[in-house]
Amino acid sequence: MHMIDIHSHILPFMDDGAADWEAALAMAKDAHADGITTVIATPHHANGQYMNSGPGIRQAVELMNERLHQNNIPLQVLPGQEIRVYGDLLYDLEQGELLSLAGSRYMLLEMPSSRIPRNMAEVCHELVIQGFVPVIAHPERNAEVASDPSRLESLMELGVLGQVTAQSLAGAFGSKLQKLSLELCRRNLVHVIASDAHDCAHRPFGLSEAHAFLDKELGAEANDYFRRNAQHIVANSAIIPGDYTRVHTKRHKIFGFFSRKG
Ligand SMILES: [Fe+2]
């Protein structure tokens with residue numbers, strides 16, 4: 001099945017992702033080999049190191065797609081941005097500096113790794129009022145979430161979604177992070193898997209591996225739910241959080257019924 005990746009650093013010369021065109025095209029080939037058809041490019045913005053405003057990203061995406069076409073690499077790249085939650089976020093949104101994911105209602109937000117920002121709920125609430133759906137990038141890598149995953153619940157109640165990183169789930173960052181990632185999937189505190197790919201070697205795409213792991217651990221319905229949600233984001237259609245939890249619960253009941261009969 002074809003896959004969509006909603007979080008990547010494939011664009012060259014923007015951040016700590018692809019260093020140049022050669023690296024970007026090598027990443028594109030890897031994405032295609034992994035079964036990915038569409039990648040949303042999400043350069044870091046306002047994370048204290050990199051500033052990449054919307055218009056510059058759009059331009060780079062156009063150039064990237066031209067290069068892909070010239071090199072016969074069957075991959076589509078769409079514009080996005082990984083936006084650090086910062087003081088001027090709402091003002092910059094108004095100024096047209098920020099991009100949602102592929103022009104949809106979904107917006108990729110990054111928290112610092114050490115803590116949940118004090119104004120996180122307030123910013124998310126305001127974005128929801130404006131019609132956006134904030135998607136928190138890799139909450140499993142946030143120290144406060146790691147020590148208490150329930151901290152995400154109040155954000156989810158505002159209408160926020162979560163994105164777990166493929167490598168976290170596949171175990172590349174250690175078994176502790178893998179367990180936490182799986183727990184967030186189970187508790188419906190994350191809703192989509194994405195690569196957060198930075199290169200071909202250390203931070204690769206690896207979506208198929210993560211999906212295979214999820215399939216093994218939580219079953220095909222759960223895995224489909226996660227894959228469908230990435231498609232919903234690109235199509236700008238609604239994601240119903242917990243959709244899979246209901247299927248999952250139902251499936252357990254069916255198994256319970258059969259085991260009683262047996
Ligand atoms: Fe990222």
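Residues numbered from 1 in each chain as written. Predicted model: local features only at pLDDT ≥ 70, side-chain atom pairs only at ≥ 80, totals over all residues. Heavy atoms only, no water.

Enquirer: Help me out: how do you make sense of the sheet that holds strand β6 (residues 106-110) in this one?
Expert: Within a beta sheet, neighbouring strands are joined by backbone hydrogen bonds and run either parallel or antiparallel to one another. The strand order across the open sheet formed by six strands is β3-β5-β6-β7-β8-β9, and the pairing between neighbours is parallel. Strand pairing shows two members of the sheet lacking a second neighbour, β3 (44-45) and β9 (192-194), which therefore form its edges. Inspection of the sheet shows β6 paired to strand β7 (residues 133-137) by four bridges, in the parallel sense. Residue pairing in the sheet places Tyr106 in a bridge with Val133 of β7. Helix α10 (residues 220-235) contacts β6 and β9 of the sheet and is inclined by roughly 80° relative to β9. (Pairing = 2+ DSSP bridges. Helix = DSSP H or I, 4+ residues; strand = E, 2+ residues; numbered from the N terminus. Contact = heavy atoms within 4.5 Å. Axes fitted to C-alpha atoms, helices over the stretch in contact; angles between N-to-C directions.)

Enquirer: Whenever I open this one, the sheet that holds strand β2 (residues 36-41) confuses me. Can you help?
Expert: The strand order β1-β2-β4 describes an open sheet built from three strands, whose pairing is parallel. Across the chains shown, the open sheet's two edge strands, defined by having one partner strand only, are β1 (3-8) and β4 (76-79). Strand after strand, the sheet turns through a mean of 25° between neighbouring axes, direction not considered. Two elements, β2 and β4, share four bridges in a ladder whose sense is parallel. Note on β4: the bridge partner recorded for Ala41 is Pro79. Docked against the sheet, helix α9 (residues 207-218) engages β1 and β2, running at close to 115° with respect to β1.

Enquirer: Which parts of the structure should I look at to understand the pattern of salt bridges?
Expert: Where side chains of opposite charge bring their charged atoms close, a pairing between them can arise. Going through the model one piece at a time under the given rule, you end up with seven salt bridges. The shortest N-O distance in the salt bridge between Glu153 and Arg187 comes to 3.0 Å. Separated by 34 residues along the polypeptide, Glu153 in helix α6 (residues 153-157) and Arg187 in the loop between α8 (175-186) and β9 bring together distant segments of the chain. Its salt-bridge partner being Glu217, residue Lys216 comes within 3.5 Å of it at the nearest N-O pair. Its relative accessible area of 61% is what places Lys216 among the exposed residues. On the basis of relative accessibility, which here comes to 31%, the residue Glu217 falls in the partly exposed class. The network of salt bridges with common partners includes Glu153, Glu183 and Arg187. (Salt bridge = Lys/Arg side-chain N within 4 Å of Asp/Glu carboxyl O. Buried < 20%, exposed > 50% of the residue type's maximum accessible area, 1.4 Å probe, protein only.)

Enquirer: Is there a simple way to think about helix α2 (residues 54-70) in this case?
Expert: Within an α-helix, residues lying three or four positions from one another point in the same direction, as the helix has 3.6 residues per turn. With 17 residues, α2 extends 25 Å between its outermost C-alpha atoms, agreeing within 8% with the 24 Å of an ideal straight helix rising 1.5 Å per residue. Within α2, the full set of buried residues consists of Gly54, Ile57, Ala60, Val61, Met64 and Leu68. Down the axis of α2, the sector holding all buried residues measures 120°, keeping them to one side. Along α2, exposed side chains directed more than 90 degrees from the buried face belong to Gln59, Glu62, His69 and Gln70. In the core, the buried residues of α2 are packed alongside α1 (21-33), β2 and β4. Immediately beyond the C-terminal end of α2, within one or two residues, lies Asn72, with a positive phi of roughly 55°. (Expected span 1.5 Å × (residues − 1). Arc of directions from axis to C-beta.)

Enquirer: Honestly, the environment of Met107 in this entry has me stumped. Any pointers?
Expert: Looking at the secondary structure, you find Met107 in strand β6. Take Met107: its relative accessible area is 0%, and that puts it in the buried class.

Enquirer: For this particular structure, what's the right way to read the environment of Val61?
Expert: Relative to the helices and strands, Val61 resides in helix α2. Along the chain, Val61 and Tyr91 lie 30 residues apart, while their C-alpha atoms are 24 Å from each other. Beyond its immediate chain neighbours, meaning those up to four positions away, Val61 contacts Leu11, Ala41, Val77, Leu78 and Pro79.

Enquirer: I keep staring at the packing of aromatic side chains and nothing clicks. Help me out?
Expert: The way to describe two aromatic rings as a pair is by their centre distance and the angle between their planes. Throughout the structure, instances matching the rule amount to two aromatic pairs. A centroid spacing of 6.5 Å and a plane angle of 75° characterise the contact between Phe13 and Trp21, whose relative ring orientation is edge-to-face. Given a relative accessible area of 56%, Phe13 falls into the exposed group. Plain terms: the ring middles of Tyr225 and Phe226 are 5.3 Å apart, the flat faces sit at 85° to each other, and that makes the pair edge-to-face. A relative accessible area of 1% places Phe226 in the buried class. Positioned above the aromatic ring of Phe173 is the side chain of Arg141, whose terminal nitrogen or guanidinium carbon lies 4.6 Å from the ring centre. (Phe/Tyr/Trp six-rings, centres within 6.5 Å; stacked < 30°, edge-to-face > 60°. Lys NZ or Arg CZ within 6 Å of the ring centre and 35° of its normal.)

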